[in-house]
Amino acid sequence: MLILIDGYNAAHKIPSVAAYFKESLEKVRNRLIDHLVSWRSAGGKGMEVTVVFDGRRDEIFCMPPSIKGIRVIFTNTGEEADDRIADMIRVAKDPASVSVVSDDNKIANACRSYGVKIHPVSFLNLPQNRKKPASSDYKPAGMAMDAITKELMNKWVAPTRER
């Protein structure tokens, strides 16, 4: 399975990565790639991961095309990552085997018509950072049932004992 990631969109949404925007885009990119390596080793094994960054490819000399098994693509000058991802989907042999990770509606809408799975950036959360389903956080049900049972006991059973 191929996972295409809208690089800066993901970087803005992952707090441990977004913190580096204060320093430099290079640090943001490196931190995102480190995050993706950790994510893949925690559960994304066997997935081909490609991150696409908006950028001026002619000005970026420091990044190789693949880092720690993560393929890195920079767009051409004047081209957005969204457009490059959409182009990659259009030429894919089996678009249904591709997933796109982005919170950007533009890219989500462009890719849906090809049968591509769209995931929010939270899909990239590391297991220890994933929120548990709300149902597992909700515990008053048992206490509420006890309260109802006691109330019903007092209301319906207690009066019959007095008879």
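Residues numbered from 1 in each chain as written. Predicted model: local features only at pLDDT ≥ 70, side-chain atom pairs only at ≥ 80, totals over all residues. Heavy atoms only, no water.

**Considerations on the pairing of strand 4 (residues 70-74)**
Put simply, side chains in a regular strand alternate between the two faces of the sheet. Keep this limit in mind: Accessibility here uses a 1.4 Å probe with only protein chains present; expressed as a share of the type maximum, an area under 20% marks a residue as buried, one over 50% as exposed, and anything in between as partly exposed. Strands are runs of DSSP state E lasting at least 2 residues, helices are runs of H or I lasting at least 4, and numbering of each runs from the N terminus. Pairs of strands are assigned from DSSP output, requiring at least two bridges between the strands.
Of all five residues making up strand 4, four are buried, and the element is well covered by its neighbours. Bridging between strand 2 (residues 48-53) and strand 4 involves four bridges; their strand directions are parallel. Residue pairing across strands places Val52 opposite Ile73, the latter belonging to strand 4. Examined bridge by bridge, strand 3 (residues 66-67) and strand 4 share two bridges and lie antiparallel to one another. Among the inter-strand pairings, Ser66 is bridged to a residue of strand 4, identified as Arg71. Where strand 3 folds back onto strand 4 in an antiparallel hairpin, the turn is made up of two residues, including Lys68, whose phi is positive at roughly 55°.

**Here we look at the side chain of Thr50**
What counts is decided by this rule: What makes two residues a contact is simply this: any of their non-hydrogen atoms within 4.5 Å.
Mapping Thr50 onto the fold places it in strand 2. Judged by relative accessible area, Thr50 falls into the buried class, the value being 0%. Among residues more than four places away in sequence, those in contact with Thr50 are Leu2, Ile3, Leu4, Ile5, Arg71, Ile73 and Met88.

**A short note on the confidence of the model for the chain**
Low-pLDDT portions of the prediction should not be read for the details of their coordinates. Using the following cut-off: Residue-level confidence of the predictor is what pLDDT reports, using numbers from 0 through 100.
Averaged over every residue, the pLDDT of the chain is 79; the share at 70 or more is 71%. Of all secondary-structure elements in the chain, the lowest mean pLDDT belongs to helix 6 (residues 134-137), at 43, while helix 1 (residues 7-13) reaches the highest, 96.

**Side note on the nonpolar core**
For soluble globular proteins, the rule of thumb is that nonpolar side chains tend to be buried together. Quick reminder of the rule: To define a nonpolar core, start from buried Ala, Val, Leu, Ile, Met, Phe, Trp, Tyr and Cys residues and group those joined through side-chain atoms within 4.5 Å.
Residues Ile5, Leu32, Leu36, Val51 and Leu124 are the most contacted members of the largest nonpolar core, which totals 23 residues. Of all the secondary-structure elements, those providing two or more residues to this core are strand 1 (2-6), helix 1, helix 3 (25-43), strand 2 and strand 4. The residues contacting Leu32, other than those within four sequence positions of it, are Gly7, Ala10, Ala11, Ile14, Val17, Val51 and Phe53. Counting residues in hydrophobic clusters, the runner-up holds 14 residues, among them Ala81, Ala86, Val100 and Cys111.

**Side note on the pattern of salt bridges**
To be explicit about the condition: In the sections that follow, a salt bridge refers to a side-chain nitrogen of Lys or Arg positioned within 4 Å of a carboxyl oxygen of Asp or Glu.
Under the criterion given, the structure shown has seven salt bridges. Its salt-bridge partner being Glu23, residue Lys27 comes within 2.8 Å of it at the nearest N-O pair. Owing to a relative accessible area of 48%, Glu23 belongs among the partly exposed residues under this scheme. Among the ionic pairs, Arg84 bridges to Glu79, the shortest N-O distance being 2.9 Å.

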